[in-house]
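Residue-level structure breakdown
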Amino acid sequence: MSQWIDVAAEADLFEGAGIAVTPQDQDIAIFKVDDGVFAINNDCSHGNAKLCEGFVEGNYVECPFHQALFDVRDGTVGCGPATEPVKSWPVKIEAGRVYIDLAS
Ligand code: FES
């Protein structure tokens, strides 16, 4: 069953950087890229870095600590040193609001 939670205004998003949201104590980074709006875990799978602070290029965010690349669309690793993907979350936009399905 889906559990869509309103986490942000679409107007809060901008291309080239992520924003952090914390619905129900989850730490999630949201990114707006050419392919749409996507949400992945904010914590890097390699260390204690926040991906919302990373540089965004194309569909990838670069971890600010050791420059691993994660695909914001599904959390997969595009380039090490990280080896584990980060969780990704379904996103939908409705009436200018951003929703994440926390039950997925
Ligand atoms: Fe993110 Fe090392 S903490 S790549």
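Below, the structure is looked at part by part. Bear in mind that the values here come from a model prediction, so they are computed numbers and not experimental data.

Across its full length, the protein carries zero helices and eleven strands. Scanning the protein from its N terminus toward the C terminus, one meets helices and strands in the order β-β-β-β-β-β-β-β-β-β-β. At 13 Å, the protein has a C-alpha radius of gyration in line with the 13 Å of a compact globule built from 104 residues. Its C-alpha atoms give the protein principal-axis dimensions of roughly 40 × 25 × 20 Å. Every one of the 104 residues in the protein was classed for burial, and the buried ones make up 38%. Long-range contacts, defined here as pairs at least 24 residues apart, represent 40% of the contacts in the protein between residues at least 6 apart. Surface summary for the protein: the accessible area is close to 5,400 Å², and the carbon and sulfur share equals 47%. Charged side chains in the protein number 6 positive and 17 negative. The centres of these two groups are separated by 5 Å.

All told, the structure shown has zero aromatic pairs when counted by the stated rule. In this structure, K87 packs its charged tip against the face of W89, placed 4.4 Å from the ring centre. In this arrangement the basic side chain of K92 is found over the ring face of Y99, its NZ or CZ atom lying 5.8 Å from the centre.

What counts as what
Within each chain, residue numbers correspond to sequence positions counted from 1 in written order. In keeping with the model being predicted, local features are shown solely for residues with a pLDDT of at least 70 and side-chain atom pairs are shown and tallied solely at 80 or more, while totals for entire chains, interfaces and linings include all residues. Side-chain metrics rest on all non-hydrogen atoms present in the structure, leaving aside hydrogens and water. Numbering goes from the N terminus for both helices and strands, where a helix is a DSSP run of H or I of at least four residues and a strand is a run of E of at least two. Radius of gyration here is computed from C-alpha atoms only, and the compact-globule reference equals 2.2 Å multiplied by the residue count raised to the power 0.38. Only protein chains enter the accessibility calculation, which uses a 1.4 Å probe; a residue is then buried when its area is under 20% of its type maximum, exposed when over 50%, and partly exposed in between. Contact between two residues is taken to exist if any of their heavy atoms lie within 4.5 Å; hydrogens are not considered. All accessible-area figures derive from a Shrake-Rupley calculation using a 1.4 Å probe, and residue coverage is judged against the displayed protein chains alone. His is not counted here, nor are the chain ends, while Lys and Arg score as positive and Asp and Glu score as negative. In this description, the location of a charge corresponds to atom NZ of lysine, CZ of arginine, CG of aspartate or CD of glutamate. Centre distance within 6.5 Å is the pairing criterion for rings of Phe, Tyr and Trp, where only the six-membered ring of Trp is used; planes under 30 degrees apart are then read as stacked, over 60 as edge-to-face, and the remainder as tilted. Sitting over a ring, as applied to charges here, requires NZ of Lys or CZ of Arg to be within 6 Å of the ring centre and within 35 degrees of the ring normal.

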